[in-house]
Amino acid sequence: MTWHGTVATELMDGPAAARAEDAFRLIYAEAFAEHPYDETEDDVAAAFRRFPVQVRRPTFRAASARTGDGEPVGMAYGHTLGADTGWWDELTVPVPDDVRREDGQRTFGFLELAVRRVWRGQGVARRLHETLLDGLTAERVLLNVHPGSAAASAAYRAWGYRRIGEARPWGGSGELHDVMLLDLS
């Protein structure tokens, strides 16, 4: 656990993240209820129906942020993409085969990053990002970001991500998202 002022960040494996599910759900629900996401209780429930499967992946990792008295502040999580990932299939314009090639270690899929409103603007998201990626052996990081979230998009660009296309995640039923890639090598 690393302290920055009144907020501590911690890297977690799958079992630890599973134990923190209630805090992650609280953060997620609060952050993604806001515009442009406008997620409902049903959306939150759907996201957390996937969570138990995600935390069981051997390469799953998470980062949490909380105050000294344990109040949840923010969270981030993801896992490496398997050779059979469908992530690349969701892009509206296909990328070359050498870009989409996966082997279970090459690409870390950054699934979620959220910080509760009262804690934004204090560098918590950046610290969560750094904590999550610290020691990662993947060559690159892949994520989807809602293009209506100017703050998130700007943060990812500032951290070195570049837009490589757009996708309709979750099997094509959602809104278009920007697909961003960060080279770690």
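Above this text sits the structure in question.
This one's a predicted model, so the numbers in the text were calculated from it and none came from an experiment.

K.L.:
Is there a simple way to think about the packing of aromatic side chains in this case?
P.N.:
Aromatic ring pairs: the centre-centre distance and the angle between the two ring planes describe each pair. Taken as a whole, this structure holds twelve aromatic pairs when the rule is applied. Consider the rings of Y28 and F32, whose centres lie 4.6 Å apart with planes at 50°: the pair is tilted. Of this pair, Y28 and F32 both sit in helix 2 (residues 21–32), four residues apart, roughly one helical turn. Among the residues examined, Y28 registers a relative accessible area of 4% and is labelled buried. Note on F32: relative accessible area 8%, which makes it buried.

K.L.:
Please explain unusual backbone geometry as it appears in this structure.
P.N.:
Cis geometry marks the peptide bond from H35 to P36; its omega dihedral reads 15°. Looking at the secondary structure, you find P36 in the loop between helix 2 and helix 3 (41–55). At D38, a residue that is not glycine, the phi angle is positive and equals roughly 50°. Mapped onto the elements of the fold, D38 is located in the loop between helix 2 and helix 3. Judged by its relative accessible area of 41%, D38 is partly exposed.

K.L.:
Would you explain the pairing of strand 3 (residues 61–67) in this entry?
P.N.:
Each regular strand shows side chains that alternate between the opposite faces of the sheet. The buried count for strand 3 comes to six of seven residues, which makes it a mostly enclosed element. Bridging between strand 2 (residues 7–12) and strand 3 involves six bridges; their strand directions are antiparallel. Following the sheet pairing, E10 is matched in strand 3 by S64. Alignment of strand 3 against strand 4 (residues 72–80), held across six bridges, turns out to be antiparallel. Residue pairing across strands places R61 opposite G78, the latter belonging to strand 4. The hairpin formed by strand 3 and strand 4 contains four residues between the paired strands, and G70 there has a positive phi angle of roughly 95°.

Cut-off values and rules
- Residues numbered from 1 in each chain as written.
- Predicted model: local features only at pLDDT ≥ 70, side-chain atom pairs only at ≥ 80, totals over all residues.
- Heavy atoms only, no water.
- Phe/Tyr/Trp six-rings, centres within 6.5 Å; stacked < 30°, edge-to-face > 60°.
- Helix = DSSP H or I, 4+ residues; strand = E, 2+ residues; numbered from the N terminus.
- Buried < 20%, exposed > 50% of the residue type's maximum accessible area, 1.4 Å probe, protein only.
- Pairing = 2+ DSSP bridges.

By themselves, these figures tell us nothing about what the structure is for.
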